[in-house]
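# An overview of the molecular structure
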Amino acid sequence: YGGMGLDFSYNIAVAEELGNIRCGGIPMAIGVQTGMATPALTRFGSEELKKQFLIPTIAGDFVACLGISEAGAGSDVANIKTTAVRKGDEYVINGGKMWITSGSQADWMCLLANTSEGPPHQNKSLICLPMNLPGIHVAKKIDKLGMRSSDTAQIFFEDVRVPCKNLIGEEGNGFTYQMLQFQEERLWGVASALTPLETVIQETIDYTRQRKVFGRPVLHNQTVHFRLAELAAEVELLRSLLYRTVALYVEGNDVTKFASMAKLKVGRLTREVTDSCLQFWGGMGFTSEVLVSRLYRDLRLMSIGGGSDETMLSIICKYMDILPRK
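Note that the structure is a prediction, hence the values are computed from the model and not measured.

How each quantity is defined
Residues numbered from 1 in each chain as written. Predicted model: local features only at pLDDT ≥ 70, side-chain atom pairs only at ≥ 80, totals over all residues. Heavy atoms only, no water. Helix = DSSP H or I, 4+ residues; strand = E, 2+ residues; numbered from the N terminus. Rg over C-alpha atoms; globule rule 2.2 N^0.38 Å. Buried < 20%, exposed > 50% of the residue type's maximum accessible area, 1.4 Å probe, protein only. Contact = heavy atoms within 4.5 Å. Areas by Shrake-Rupley, 256 points an atom, 1.4 Å probe, with all protein chains shown as cover. Pairing = 2+ DSSP bridges. Phe/Tyr/Trp six-rings, centres within 6.5 Å; stacked < 30°, edge-to-face > 60°. Lys NZ or Arg CZ within 6 Å of the ring centre and 35° of its normal. Polar contact = N/O pair within 3.5 Å; in protein donor to acceptor, adjacent residues only side chain to side chain. Core = buried A, V, L, I, M, F, W, Y, C linked by side-chain atoms within 4.5 Å. Domains from an automatic or database assignment. Buried area = accessible area lost by both parts, 1.4 Å probe. Axes fitted to C-alpha atoms, helices over the stretch in contact; angles between N-to-C directions. Parallel < 35°, antiparallel > 145°, perpendicular 65-115°, else oblique. Left-handed = near helix turned anticlockwise from the far one by under 90°.

Bringing the overall build of the protein chain into the picture now. Scanning the protein chain for helices and strands turns up 9 helices and 10 strands. For the protein chain, the C-alpha radius of gyration of 21 Å lies close to 20 Å, the compact-globule estimate for 326 residues. Here the C-alpha coordinates of the protein chain stretch approximately 80 × 40 × 40 Å along the principal axes. Within the protein chain, the fraction of its 326 residues that count as buried is 50%. Excluding contacts between residues fewer than 6 apart, the proportion of contacts in the protein chain whose partners are at least 24 apart in sequence is 73%. Counting every atom, the protein chain has about 15,300 Å² of accessible surface; 54% of that belongs to carbon and sulfur.

Right under this line is the structure:
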């Protein structure tokens, strides 16, 4: 389909390298293409769907977006309200999606919708939805705290008709497909944050070495250099967890627990690193002129998007048999 046929570990290598871009929005947009909107299509889609949507997406001719979150259903995926009702050989879609990355410019959406009135984990389906169909309304581009170079849209559907052949896999299996898709999304997110965290720590070292307060460099305070050493150690530990998880995933193992642990850790660590480093920049850290302030805003999304910290904790608890699994 135009890809290189490599295993998932190469996605992670790319995600790490994209971390050299000095913002969060561009790596996130590419990640939507490679690890969020297309894995289910790759695994379960028909040959016709792959030719129509996957090939041009891999080639970069199509922009893809993932339609999961809604105003009343973010991390609670089972609670989505958008419906796709079968009428003849078409689905008629009504509802809306919120927080859709690349939604303002997307050519197609990997849409999760309720296709029946059954149990919430068994009534959902994934559908390849062209974004130029009548009844699709991109309501607005959302003004955000961070990731400001990324277009994030609110989208409404009003009697949108799409052929039933655009269904990915089997009807009713959409929730399961999406949970599998989430694992790659979360691992991409972890990988994409590693290089920015290393960069901001190094730039903080460089700045505090040359910035003098009370006659000596800020870096020469034990509180400062010990804290930076602690943060660097935490980043390396996160990298080790990521690599172990990816190795297990490539071998075909269920890595839901480890991926959730890594996602939880990256969300908390990005907040910890950027906040600690910004403090050491003093007044300059509160300006828009330095990378640390941008990452402070951009990376705050890590604890929210792709499953909140609280959702990750719930998943981990279920896999530790602390909470019952559904």
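The sheet contact formed by strand S3 (residues 90–101) and strand S7 (residues 152–163) spans 9 bridges and is antiparallel. Within S7, the residue paired with Lys-97 across the bridge is Ile-155. Relative to S7, strand S6 (residues 136–141) runs antiparallel, the two being bridged by 5 bridges. Counterpart to Lys-140 in the pairing with S7 is Gln-154.

Turning next to the environment of Trp-281. Mapped onto the elements of the fold, Trp-281 is located in the loop between helix H7 (256–280) and helix H8 (291–298). Residue Trp-281 is classed as buried on the basis of its relative accessible area of 8%. In this structure, the C-alpha to C-alpha distance between Trp-281 and Gly-96, residues 185 residues apart in sequence, is 42 Å. Trp-281 has contacts with Glu-203, Thr-204, Tyr-207, Arg-211, Val-290 and Val-292, leaving out every residue within four places of it along the chain.

Turning to the packing of aromatic side chains, a few remarks are in order. Tallied over the full model, the rule gives 4 aromatic pairs. Here the aromatic rings of Phe-44 and Tyr-177 are separated by 4.0 Å at their centres, their planes lie at 15°, and the arrangement is stacked. Taken together, the residues span a long stretch of sequence, with Phe-44 in helix H3 (residues 39–44) and Tyr-177 in helix H5 (residues 174–210) at a distance of 133 residues. Exposure remark for Phe-44: the relative accessible area of 29% places this residue in the partly exposed category. A ring pair is formed by Tyr-207 and Trp-281, whose centres lie 4.1 Å apart and whose planes are at 5°; its orientation type is stacked. Taken together, the residues Tyr-207 in helix H5 and Trp-281 in the loop between H7 and H8 connect sequence positions 74 residues apart. Above the face of the Phe-182 ring, Arg-186 is positioned so that its terminal group lies 4.5 Å from the ring centre.

Relative to the elements of secondary structure, Thr-256 occurs in helix H7. For Thr-256, a relative accessible area of 12% gives the class buried. A distance of 2.6 Å separates a polar atom in the side chain of Thr-256 from a polar atom in the side chain of Asp-254. Among residues more than four places away in sequence, those in contact with Thr-256 are Gln-183, Ile-315 and Tyr-319.

Core analysis: the biggest nonpolar cluster contains 65 residues, and Leu-41, Ile-168, Ile-201, Leu-228, Leu-242, Val-273 and Cys-277 have the highest contact counts within it. The dominant element in this core, judged by the number of residues it contributes, is H5, at 14 residues. When residues of this core are assigned to domains, at least three map to each of domain 1 (37–170) and domain 2 (176–319). Listed in part, the 20 residues of the second largest apolar core include Leu-129, Met-131, Ile-136 and Val-160.

Taken domain by domain, the protein chain holds domain 1 (37–170) and domain 2 (176–319). Taken over C-alpha atoms, the centre of domain 1 sits 29 Å from the centre of domain 2. The interface of domain 1 with domain 2 comprises 20 residues on the first partner and 17 residues on the second. For the pair domain 1 and domain 2, the two sides together bury roughly 1,500 Å², of which 61% comes from carbon and sulfur. Among the residues domain 1 hides against domain 2, the three largest losses belong to Arg-43, Ser-75 and Met-147. Together they make up 34% of the total.

This part takes up the environment of Gln-279. Along the chain, Gln-279 turns up in helix H7. For Gln-279, a relative accessible area of 60% puts it in the exposed group. Taking C-alpha positions, Gln-279 is 15 Å from Lys-212, a pair spaced 67 residues apart along the chain.

Let's shift gears to the packing of H5 against H7. Each pair of packed helices gets described by two things: the angle between the helix axes and the distance between those axes. Where H5 meets H7, the axes come as close as 9 Å, and the angle between the chain directions of the two elements is 20°. Taken together, the axis directions place H5 and H7 in an arrangement best described as roughly parallel. As H5 packs across H7, the resulting crossing turns out to be left-handed. For the pair H5 and H7, contact is made by Gln-183, Arg-186, Leu-187, Val-190, Ala-193, Leu-197, Val-200, Ile-201, Thr-204, Tyr-207 and Thr-208 and by Thr-256, Ala-259, Ala-262, Lys-263, Val-266, Leu-269, Thr-270, Val-273, Cys-277 and Phe-280, respectively.

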